[in-house]
Every structure is written in structure tokens, then in C-alpha cells.
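Inside the fold
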Amino acid sequence: MNRLRVIQWGTGAVGSEMLTAILDHRDDLDLVGVRVYSDTKDGVDAGALVGRAPVGVTATVNVEQVLALDADCVLYTPRNTDIADVCALLASGKNVATTAFLFHPQRIDAEDRDRVLAACEQGRSTVHGGGLNPGNLSAALPLVLSGMSRTIEKITLQERADWSVYDSTAITFDNMAFGQPVEDISPTANEFLAFNSSLFTQQVWLLADVLNADIDEVTATVDAVAAREDHQIFDRLLPAGTTAGQRWNWTGRRRAEPLVEIETLWTVGGEYPAHWPSPQHGWTLTIEGDPSMRTHFFSLASFSRAASMEEHVRSANVATAMQVLNAVPAVCAAPPGFATAASLPLIRSYTGFAAAR
Ligand SMILES: NC(=O)c1ccc[n+]([C@@H]2O[C@H](COP(=O)([O-])OP(=O)(O)OC[C@H]3O[C@@H](n4cnc5c(N)ncnc54)[C@H](OP(=O)(O)O)[C@@H]3O)[C@@H](O)[C@H]2O)c1
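Worth saying up front: this structure is predicted, and the values here are computed from it rather than measured. (Residues numbered from 1 in each chain as written. Predicted model: local features only at pLDDT ≥ 70, side-chain atom pairs only at ≥ 80, totals over all residues.)

**A short note on the overall build of the protein chain**
Where we set the bar: The helix count covers DSSP runs of H or I at least four residues long, the strand count covers runs of E at least two residues long, and both are numbered beginning at the N terminus. Both definitions apply: the radius of gyration is a C-alpha atom measure, and the globule rule equals 2.2 Å times residues to the power 0.38. Backbone-placed C-beta atoms define the burial measure: a residue is buried with 20 or more other C-beta atoms within 10 Å of its own, exposed with 12 or fewer, and partly exposed in between. Residues are treated as contacting if the C-beta atoms built from their backbones sit within 7 Å of each other.
Scanning the protein chain from N- to C-terminus turns up ten helices and 15 strands. Taking 357 residues into account, the globule formula puts the C-alpha radius of gyration at 21 Å, and the protein chain, at 20 Å, falls close to it. With respect to the principal axes defined by its C-alpha atoms, the protein chain has extents near 55 × 45 × 45 Å. Taking all 357 residues of the protein chain together, the buried fraction comes to 41%. Considering only residue pairs separated by 6 or more positions, the protein chain has 69% of its internal contacts joining residues 24 or more positions apart.

**Describing the sheet that holds strand β6 (residues 126–129)**
Definition in use: Note on pairing: DSSP must find at least two bridges between two strands before they are called paired. Helix axes are fitted to C-alpha atoms over the stretch in contact, other axes to C-alpha atoms as well, and angles between N-to-C directions run from 0 to 180 degrees.
On the basis of which strands lie adjacent, the open sheet formed by seven strands has the order β3-β2-β1-β4-β5-β6-β15 and parallel pairing. Two strands close off the open sheet at either side, each with one partner strand: β3 (59–60) and β15 (337–339). Where β6 and β15 come together, three bridges link them in parallel fashion. Residue pairing across strands places Val-127 opposite Phe-338, the latter belonging to β15. In the packing of helix α1 (residues 13–25) onto the sheet, contacts are made with β1 (4–9), β2 (29–35) and β4 (73–76), and the angle to β1 comes to roughly 150 degrees.

**A few points about the pairing of strand β13 (residues 282–290)**
Consecutive residues of a regular strand have side chains that alternate between opposite faces of the sheet. One ladder, built from nine bridges, connects strand β7 (residues 151–162) with β13; its direction is antiparallel. Residue pairing across strands places Ile-152 opposite Gly-289, the latter belonging to β13. Judged from the five bridges that link them, β13 and strand β14 (residues 293–297) form a sheet pairing that is antiparallel. Bridge assignment links Leu-285 to a residue of β14, and that residue is Thr-295. In textbook terms, the turn of a hairpin is the stretch between consecutive antiparallel strands, and for β13 and β14 this stretch comprises two residues.

**Structural notes on the domain arrangement of the protein chain**
The following threshold applies: Domain extents, as shown, originate in an automatic or database domain assignment. When residues are grouped by polarity, Ala, Val, Leu, Ile, Met, Phe, Trp, Tyr, Cys and Pro land in nonpolar, Asp, Glu, Lys and Arg in charged, and all others, Gly among them, in polar.
In terms of domain boundaries, the protein chain breaks down into domain 1 (4–132 + 318–339) and domain 2 (136–298). A straight line from the C-alpha centre of domain 1 to that of domain 2 covers 26 Å. Across the contact, eleven residues belong to domain 1 and twelve residues belong to domain 2. When its residues are assigned to classes, the side of domain 1 that touches domain 2 shows five nonpolar, four polar and two charged.

**With respect to the site of the ligand**
Which entries qualify depends on this criterion: Near, for a residue, is defined by distance from a backbone-placed C-beta atom to a molecule or strand, with 6 Å as the limit that must not be exceeded.
Neighbouring the ligand are 25 residues, the closest being Gly-10, Gly-12, Pro-78, Arg-79 and Gly-131. For the shell around the ligand, the elements supplying multiple residues, two or more each, are α1 and α7 (169–175). A per-element tally of the shell around the ligand places α1 first, with three residues. When we break the shell around the ligand down by domain, the ones giving at least three residues each are domain 1 (4–132 + 318–339) and domain 2 (136–298).

Below you can see the structure in the form of C-alpha cells.
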């Protein structure tokens, strides 16, 4: 077996799921390094970080130390991305698989794209962005379904989610600006919202580019809705009157006709605006065409046994993490440069049923 050496960069909700899977289920992967941000995790054994026996790999906040490691792939899952760090990793010859960005690098800002590509060329390395959404549901799944299409007229993906139970409140409140004044929410309001919007814009371009939509533009809009009541969300208070709902829409158009659309109906605090559409919770993917198809996706800890809300919430983190972890061998085998859901082979579970043996 061709064993691969991996580095886990970031051990939050998603990174920890990767780490446990590497330690528990991946006999083809050797963990050789862990990059953390928190001082409390610095110097801690990687096994101890996720409640496992020590594995002899120490987590570090020292980026130079991580860059100096010999590794095949870095699993890059920090809260905020740093293109300089990613370029340094790529230039040092390490492939990068991330849940955070670079989902369709051909369509990012030209300067950044050229910089990432130059780093890939220097290190003969590959970068891939994936996950749940953006990722599988907004790219891989529509492309797989399109295999049954004769012709396509429109693709729409709707995500309906209440984030009250998502305990990464730094992402919901600090990055996504829930709890902030509604007039402060726009696709360009701050660096993170602009960045987040660009990720979904890339997903629309990816489907349009791969499926010959020949669109002229992708537009982004958001409708922010205020809370009627106060909500306590883990360590944060979302006060009445501040943002508790964000309906985002990214639409790719050819000569003004909408062809590819991604819409997210996000709330924190559980108040669902009456003027919004009401698809089922989870993700609804609709392909209008010949034939027209619709599928609904929802992840839980289990459909058959009782599970806590915490376990159910974790299931989406597991799905996000596994989509990228399972892609590692394909990313390492891909030619240098950008690898997307469209260029990689179908990503399957490495472990599958084997864990139950
Ligand atoms: N594509 C998808 O479907 C999808 C779905 C969910 C999340 N994501 C993305 O995946 C990434 C991880 O999400 P998560 O839920 O695991 O987040 P999280 O639980 O908030 O984890 C935060 C991570 O960020 C690190 N961190 C702390 N301070 C930081 C700083 N100043 N700059 C950068 N990173 C910092 C933490 O370091 P420590 O290791 O020290 O704790 C931890 O690894 C995010 O970029 C998120 O947007 C993508």
C-alpha cells in the first residue's frame, strides 16, 4: 500500500473529525504533524487532542516547524484562511486539501489565482477545496446527477439550516455577523462576508463552466432579517433587533436568464421569516431539464438509534471532514495545480463497511 504522510492544520470542529478518522480508521495515512492556533493546544500530543492515546506527534503553533516537515498532504481547516500559508505549503512540495476555500480556483481573483498556481508549479503540488456545501452538494452531487441528463435548463441548490446548535460561535457571530445590525449585512459588508460570498460564487461558476452554461455573470444578494426576541446561543447573546436570518442568493445568468442558482436560508435562534421560501430543512437540489430531477439531503448521527442533538450536529462536520479526507489519495495522485470536484475521480469512503468488521 502506498502510505501517505499527512499534516492536520487546524483542530476545530471539522479538523478534529479528520484527526480521529486518521487515527482510528486510516491505515494508509501516517500523521506527521498538527498545526494549532490555541496556546492551550500547543505542545499537546495529537492523540490527546481528540481523546485518544498519545501517538507521538505534538501539535504546534509554529508554522516554520510545520513547513519543514516532510509530508504528502496538508488537511487545511482553519477558521480564517491565509493564502500566504497555503502558498508556502504548496511551494514546499505538500499537496493541500481544504474545507475552507479554493473550491474553483480558476475563478478566484486573478492575482491570487496566479500566486497559488505559481506555488503549485514550484512545489509540483496540488490544491483541492471540498466539503459539504461548498463541496459535495454544490458540485459533486449535481455533476453526478447530470450524468442522467440529456439537457439541462436550470440547476438550483437550496440550503435551509438553523445554526443555533452549531457550537463554532466564532464562525456564526464573528465571521458570519449574526447578532450584528441588519443594515451591516451585505455581500461586501466586511472581509469575511465578502470572502464567504466568493466561495458560493465560485460554486456557481464551477457548475456553469463544467456544464457549458456559458454564463456572463454571477450576482450575489442577501436579505438580512432581525430577531423578534433575544436568543442565548452557547456563549453568545443574539439580541432582539439584530440579525437572526440571512437569505443569500448567488445566481449565474446567461443574457439575463438565471441558469445556476445557490440559495442559503440561514437562521440563528430558530425564528423563520414568513416571507422566505420554505423548503425542507437540509439541502434540496433541483435540476430542471430533460429529465427534471430533485433530491433532498439531510445528515443525522443516526436514522435508527437515539442520538443527542450534539451528535446530530456533529454529523454535518463529519460529512464535511470526510469528503476532504477521503479525497487525499486522489489529490496526491492528481497533476500539479488545481483539483476540483469536476477534475478528481469520484470520491468514495476509504473505510466504508470495514470499520464494523
Ligand atoms: N465546505 C464546507 O462544507 C464547510 C463546512 C463547515 C466548515 N467549513 C470550513 O472549515 C473550516 C473549519 O471549520 P470549523 O467548523 O472546524 O471551525 P471551528 O470549529 O471554529 O475551528 C476553528 C479552527 O480555527 C482555528 N483558529 C483559531 N484561531 C484562528 C485564527 N486566528 N485564524 C485561523 N484559524 C484559527 C482553530 O485552531 P485550534 O486548532 O487551535 O483550535 C480551529 O482549528 C472553516 O474555514 C469553515 O468555514 C467548510
